[in-house]
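A closer look at the structure
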Amino acid sequence: MENNHRNVLVFGEVLMGKIVPITLELLAIGRRLADDLGEELYLMLLGEGTGRLGEEAITFGADQVYFSEEKLLNQYNSDLYTHVADSFCRRVLPSVILFGHTDIGCDLAPRLNGRIGGGLSIDCMDLSIDKEKKHLIMRRPVFGGNAIATVISNRVPQMATIRPKTFQPLEKNLSRQGDVIPLEEKIDPSLIKARVVNYIKEEVEGVKLEEAEVVVSGGRGIEDKKNFTLLKELADLLGGAIGATRVACDEGWVPAHLQIGQSGKVVSPKIYIAIGLSGAMAHISGCLGSKYIVAINKDSEANIFNVAHLGFVGDWKEVLPPLIERLRELKGK
Amino acid sequence: MNIIVCVKQVQDPEIPPSKFKIDPETKQVIPPAGVPPVISVYDERALEAACRLKDKYKAKIVAITIGTDKASEVIRHAISMGADDGYLLCDPAFESKDSFKTAYILSKAIEKIGAFDLVLCGRQAADWGAGQVGSILGEMLTVPVVSFACDIDVVDTGLRVKRVVSDGYEILEVPMPCLITVSSEVGLPRLPSGMRIMLARKKPIPVWKATDINIEHSLLEKGHEHTEIIGLVVPERKSECEIIKGTPKEAAYEIAERLVSML
Ligand SMILES: Cc1cc2nc3c(=O)[nH]c(=O)nc-3n(C[C@H](O)[C@H](O)[C@H](O)COP(=O)(O)OP(=O)(O)OC[C@H]3O[C@@H](n4cnc5c(N)ncnc54)[C@H](O)[C@@H]3O)c2cc1C
């Protein structure tokens, strides 16, 4: 690919004054790509207070940190962020841009791509460099995770979103050198077309799904809302959280935020207990990182048994009550 | 209110993984025999969102799709759900997996349809799932874009959109015309009535070729793709599941003991 685009840019995210883990993970993979390309690694940080995070980002692999202390950028706004990222990229001409597959990345990357005319692959699980052709090779699940496609971009910038926890951050290296550079551009607030007027936080009681060591997940086979209380009981006994398939969320048996899978949450607990769910790839891709998967399904052919470690073929309604009872005994509750 | 909904026909994503087959040479997926293609899930929910607006306000819904002649089925499905009209964009030159091409073709069709207040797209397709056609289309149409909507309503200033974020929802206000991508949290789509199914069956579905929508053919030629799929594999998953034998109660006790030993 003949062009004058150089260097790898990570689009950084900050929460409560700190660089979020996914950004450090992107710096790690970004570092590797930049080294393979023989180019530099840039990081972009937006919002008040980001300037003082630059030095830290350098210890995690960045060569140059660009930041804007503009107040208007404190909260994510799709229109403003797209504008700022677009004008920055037109000036700096990165060859590669990496985003987290996060609320921000999933919105910003496609819009920026639409404006700048690059090539974007979302939800990448692996990135590498074709050293001869000097282009980015991206691997991503397609068809709900039934297949993995290898994608290249014929345009620059070559862009990718990457799921959190796909890569490990680098060890902090205090001897690394780099530059921290302010972006001086003034932002015109009239660029805001879609305005956020409210934010509704979904209250979770108990353990947070993404952080739970045990997840008890139910699907269509659970049949109704009431039955899910039994799953909740099991989860509580194990100090875990409940999750669900899209079917269970669609039916309104559990809130939409408990959906696990390709288009829901990705969890990697110690133990994942899958009950009355078939194990569609689109669901499995959200829990494949689990250390130990237990499946209860009345269909011995269900795909969940292809990924589970321990399984029982039968009706969960006959298994769950004695399971809960026995756990109570064992735990002395 | 004039609403345009972009929909796509896809291979049924709900076939069991064991039936999923690919041809690694051509990097194509081999459709399973006897399973008819379906409308992509998120697009169906985009239609549902459009129909809900039409239930409440005076609205006209037009559905468009790019596909083979078989894809007129998804337009009929859209009409059976509540769309007023639909067009099939069908031309060998349209064959592509490139999001920019897709968005470009859609933008030209929308230009031909005329004035619109709202364009709705699914957040991503159920097959290749590139997740960007809506956003690119919004940029091409130079209208504001809101992504991952689960609820849309009309307010003085335009539309009020509830969008899904990882730990809750954002409420946004956006002027019209605009483009909104729709997420599955909209909820289940309506079941078409028998009468609407009849109506959809009788409705003529106009077919537009590249020349009908003033497309610059050179832009569709090979080599203009922004991204290219150079490999396709089915990940190998070997089953090592230990199946517990015995009665449900025995199994329950066994599972309980294993769980406790692991925690
Ligand atoms: C683009 C796309 C994205 C998607 N994203 C997601 C996602 O993020 N998350 C997700 O979950 N899905 C997602 N899906 C949907 C997914 O493909 C499946 O449709 C869904 O996961 C199936 O849910 P299920 O297992 O609950 O239902 P089913 O597939 O219907 O399975 C129900 C299972 O329950 C078993 N069962 C029934 N009764 C009992 C009983 N009494 N005891 C024991 N077992 C019983 C049955 O044997 C069956 O195996 C997506 C699909 C697409 C196309």
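Quick look at the structure, then. Numbering of residues starts from 1 in each chain and follows the order in which that chain's sequence is written. In the order they appear in the text, chains get letters beginning with A and ligands get numbers beginning with 1. Local features in a predicted model are, by the rule used here, given only for residues with pLDDT of at least 70; side-chain atom pairs are given and counted only at 80 or more, and totals for whole chains, interfaces and linings are based on all residues. To obtain the side-chain values, all non-hydrogen atoms of the structure were included, while hydrogens and water were left out.

In this section: the overall build of chain B. Working definition: helices are DSSP H or I runs of at least four residues, strands are E runs of at least two. Numbering for both runs from the N terminus. What chain B contains, in helices and strands, is seven helices and 15 strands. Over its C-alpha atoms, taken along the principal directions, chain B stretches across nearly 65 × 50 × 40 Å. Put simply, 73% of the contacts in chain B that link residues at least 6 apart link residues at least 24 apart. Within this scheme the basic residues Lys and Arg register as positive and the acidic residues Asp and Glu register as negative, but His and the chain ends are omitted. A single reference atom marks each charge: NZ on Lys, CZ on Arg, CG on Asp, CD on Glu. Computed over 32 positive and 37 negative side-chain charges, the separation of the two mean positions in chain B equals 5 Å. Any pair of residues with heavy atoms lying within 4.5 Å of one another is described as a contacting pair.

To continue, consider the environment of A:Gly49. Checked against the element boundaries, A:Gly49 lands in the loop between β4 (41-46) and α2 (54-59). Note: C-alpha distance between A:Gly49 and A:Ser68 (19 residues apart in sequence) is 8.7 Å.

Here the focus is the packing of helix α5 (residues 225-237) of chain A against helix α8 (residues 316-331) of chain A. Residues and elements named next belong to chain A. Where α5 meets α8, the closest approach of the two axes is 10 Å, and the angle between their N-to-C directions is 30 degrees. Classified by the angle their axes make, α5 and α8 are roughly parallel. Here α5 and α8 pass one another in a crossing that is left-handed. Contacts between α5 and α8 involve Asn227, Leu230, Leu231, Glu233, Leu234 and Leu237 from the former and Trp316, Lys317, Leu320, Leu323, Ile324, Leu327, Arg328 and Lys331 from the latter. Each residue gets one of three labels, nonpolar for Ala, Val, Leu, Ile, Met, Phe, Trp, Tyr, Cys and Pro, charged for Asp, Glu, Lys and Arg, and polar for the others, Gly among them. Tallied by class, residues from the contact of α5 with α8 come to nine nonpolar, one polar and four charged. Working convention: axes come from line fits to C-alpha atoms, limited for helices to the stretch in contact. Angles between N-to-C directions cover 0 to 180 degrees. Oblique is the label for any angle not covered by the other classes, which are roughly parallel (under 35 degrees), roughly antiparallel (over 145) and roughly perpendicular (65 to 115). Here a crossing is called left-handed whenever its near helix is offset anticlockwise from the far helix by less than a right angle, and right-handed whenever the offset is clockwise.

Lining the immediate surroundings of the ligand are 29 residues, of which A:Arg220, A:Thr245, A:Ser263, A:Ser278 and B:Glu14 lie closest. We call a residue near a molecule or strand whenever a single non-hydrogen atom of that residue lies within 4 Å of it. The environment around the ligand is built from residues contributed by chains A and B. Counting of polar contacts relies on pairs of N or O atoms within 3.5 Å, with two restrictions inside protein: one atom must be capable of donating a hydrogen and the other of accepting it, and residues adjacent in sequence are counted only when both atoms are side-chain atoms. A:Arg246 is positioned such that a nitrogen or oxygen atom in its backbone is 2.9 Å from an oxygen atom of the ligand. Relative to its unbound accessible surface of 980 Å², the ligand loses 90% to contact with the protein. Among the secondary structure elements, those contributing two or more residues to the shell around the ligand are α6 (246-250) and α7 (281-284) of chain A together with α1 (41-56) of chain B. Computed by Shrake-Rupley with a 1.4 Å probe, the accessible areas treat only the displayed protein chains as cover when residues are assessed.

Before going further, it helps to spend a moment on the environment of A:Val96. Residues and elements named next belong to chain A. Mapped onto the fold, valine 96 is located in strand β6 (residues 96-100). Given a relative accessible area of 0%, valine 96 falls into the buried group. The sequence separation of valine 96 and arginine 328 amounts to 232 residues, and the corresponding C-alpha distance is 53 Å. In contact with valine 96, other than residues within four places in its own chain, are Asn7, Val8, Leu9, Leu37, Leu136 and Gln158. Summary of the burial criterion: residues with accessible area below 20% of their type's maximum are buried, those above 50% are exposed, and those between are partly exposed, where the area comes from a 1.4 Å probe applied to protein chains only.

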